[in-house]
Number of protein chains: 2
Amino acid sequence: MKFIEKLRNSGLRPTKQRLQICEVLFNTERTFHFTINELEQKIKDKIDNKISLATIYNTVHAFEKKGYLKQIPVNSNQTYFDTNITDHHHFYNLKDGKLIDLENSDVGPINIKRKIDGKKIKSIEVLVKLED
Amino acid sequence: MKFIEKLRNSGLRPTKQRLQICEVLFNTERTFHFTINELEQKIKDKIDNKISLATIYNTVHAFEKKGYLKQIPVNSNQTYFDTNITDHHHFYNLKDGKLIDLENSDVGPINIKRKIDGKKIKSIEVLVKLED
DNA sequence: TTCCACTTTATAATGGTTCTAAATAGCTGT
DNA sequence: ACAGCTATTTAGAACCATTATAAAGTGGAA
């Protein structure tokens, strides 16, 4: 249905696996953060067939390249992704490794005054580390 | 000399290896960013004896814990460290993976309006990704 | 000097991620 | 519906940064 179009429009074949991963990632009330391991678990819980780990990696990277997912810059042994692709920032709870979205209104506009020749700004991301 | 005191004051024994790594990291005109691999190379270039890779990891982590180094939150397969431990931000050149310091005056103050119960802010870090 | 906890070291183990190559499945044109 | 082509999936191997291990070495206090 809706995801078939979405995938086709971006040049990705709407395979069974991709559509199922779309359901898990995008057919939700709210956006969320995840690691590949967490996504693998969510997929296991929600669908009955098996999707190979390699396919999950492939798909997540394909979706990220198409702009349907964003990587979150955090130092961790795993890569964190976000289904919220709007410009926004994050709290990072060092205790449990959990992320919390920060609305732009919680941070205020960020104005980068310095320019680098021949480069343009692709993104501005703020990470606020939290401790007890 | 100066590094012996520094180490002793923070409860780290001033071993030959740690002092040599201090020379490479802190006896410089300017601060710099590095990965463990880059540091390993720098050490090979500057000293004649060999320091085990495990010792380099141990030392970098010990120095980070004591606040002599900072990790930079970037998504990369390697961990980036910074010898500039003042509060500041970074440009990240996606093309070559190089980091550039941003002065606070280049970014302006960042005021996080939202609070999380029972947590306090440890750091606020801005990463500005650059593309061509 | 002696002793002991701290440190270094080589090497193995770990674990997230990427690669490989063969099997499978969309899709287009007939 | 079918053939043929290319994209995709898959299991498993490979990769590689990082961490763990356990034995040897070292700093420093008494």
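Criteria and cut-off values
Residues numbered from 1 in each chain as written. Chains lettered and ligands numbered in written order. Predicted model: local features only at pLDDT ≥ 70, side-chain atom pairs only at ≥ 80, totals over all residues. Heavy atoms only, no water. Near = heavy atom within 4 Å. Polar contact = N/O pair within 3.5 Å; in protein donor to acceptor, adjacent residues only side chain to side chain. Helix = DSSP H or I, 4+ residues; strand = E, 2+ residues; numbered from the N terminus. Buried < 20%, exposed > 50% of the residue type's maximum accessible area, 1.4 Å probe, protein only. Least-squares fit on C-alpha atoms with pLDDT ≥ 70 in both. Domains from an automatic or database assignment. Contact = heavy atoms within 4.5 Å. Buried area = accessible area lost by both parts, 1.4 Å probe. Salt bridge = Lys/Arg side-chain N within 4 Å of Asp/Glu carboxyl O. Pairing = 2+ DSSP bridges. Phe/Tyr/Trp six-rings, centres within 6.5 Å; stacked < 30°, edge-to-face > 60°.

**Q** How would you sum up the protein's contact with DNA strand C? Please name residues and give values.
**A** Surveying the vicinity of DNA strand C reveals 22 residues, the closest of which are A:Tyr57, A:His61, B:Thr15, B:Gln17 and B:Arg18. In DNA strand C, the atoms that sit within 4 Å of the protein are 76% sugar and phosphate, with bases accounting for the remainder. A:Tyr57 is positioned such that a nitrogen or oxygen atom in its side chain is 2.7 Å from a phosphate oxygen of DNA strand C. In the model, a phosphate oxygen of DNA strand C is placed 2.7 Å from a nitrogen or oxygen of the A:Thr79 side chain. Secondary-structure elements contributing two or more residues to the surface near DNA strand C are α3 (36–46) and α4 (53–66) of chain A together with α2 (16–26) and α4 (53–66) of chain B.

**Q** Describe the environment of B:Gln71, naming the residues involved and giving the relevant values.
**A** All names here are of chain B. Topologically, glutamine 71 is positioned in strand β2 (residues 70–72). Accessibility expressed as a relative area gives 21% for glutamine 71, which makes it partly exposed. In the structure, glutamine 71 is positioned 37 residues away from glycine 108 in sequence and 22 Å away in space, judged by C-alpha atoms.

**Q** Any chance you could break down the relation of the copies chain A and chain B for me, citing the residues and the numbers?
**A** Two copies of one chain are present, and they are related through a rotation about an axis combined with an axial shift. Overlaying chain A on chain B yields an RMSD of 0.0 Å, the required transformation being a rotation through 180° with an accompanying axial translation of 0.0 Å. Viewed as a symmetry operation, the transformation between the two copies matches a two-fold axis. For chain A, the residue whose C-alpha comes nearest the rotation axis is A:Val126, separated from it by 2.2 Å.

**Q** How would you summarise the domain arrangement of chain A if you had to cite specific residues and measurements?
**A** All names here are of chain A. When its domains are assigned, chain A resolves into domain 1 (2–72) and domain 2 (86–130). Averaged C-alpha coordinates put domain 1 and domain 2 at centres separated by 24 Å. The interface of domain 1 with domain 2 comprises six residues on the first partner and nine residues on the second. Taken over both partners, the interface formed by domain 1 and domain 2 buries close to 510 Å², and the fraction arising from carbon and sulfur atoms is 46%. Contact with domain 2 buries surface across domain 1, with His33, Lys70 and Ile72 losing the most and accounting together for 83% of the total. The interface formed by domain 1 and domain 2 contains zero salt bridges. Here domain 1 is connected to domain 2 by four residue pairs in polar contact (both at pLDDT 80 or more). The dominant element in the side of domain 1 that touches domain 2, judged by the number of residues it contributes, is strand β2 (residues 70–72), at three residues.

**Q** Residues and numbers for the pairing of strand β6 (residues 120–131) of chain B, please.
**A** Consecutive side chains along a regular strand alternate between the two faces of the sheet. Direction of pairing for strand β6 (residues 120–131) of chain A relative to β6(B): antiparallel, over a ladder of eleven bridges. Looking across to β6(B), one finds that A:Glu131 is bridged to B:Lys120.

**Q** Outline the pairing of strand β5 (residues 98–102) of chain A, supporting the account with residue identities and numerical values.
**A** Residues and elements named next belong to chain A. Note that strand β4 (residues 89–93) and β5 share five bridges and pair antiparallel. Each residue of the ladder has a partner; that of phenylalanine 91, found in β5, is isoleucine 100. From the end of β4 to the start of β5, which pair antiparallel, there are four residues, and glycine 97 there has a positive phi angle of about 70°.

**Q** An account of the packing of aromatic side chains is needed here, citing residue identities and associated values.
**A** Going through the model one piece at a time under the given rule, you end up with twelve aromatic pairs over all chains. When the ring of A:Phe34 is compared with that of A:Phe81, the centres are 5.6 Å apart and the planes differ by 25°; the resulting orientation is stacked. On the criterion of sequence distance, the pair formed by A:Phe34 in strand β1 (residues 33–34) and A:Phe81 in strand β3 (residues 80–82) is long-range, its members being 47 residues apart. On the accessibility criterion, A:Phe81 (2% relative accessible area) is buried. Relative to B:Tyr92, the ring of B:Tyr80 has its centre 6.3 Å away and its plane inclined at 75°; by these criteria the two rings are edge-to-face. Remark: B:Tyr92 occurs in strand β4 (residues 89–93) and B:Tyr80 occurs in strand β3 (residues 80–82); sequence separation between them is twelve residues. Members of the aromatic cluster, each reached through a chain of ring pairs, are A:Phe3, A:Phe26, A:Phe63 and A:Tyr68.

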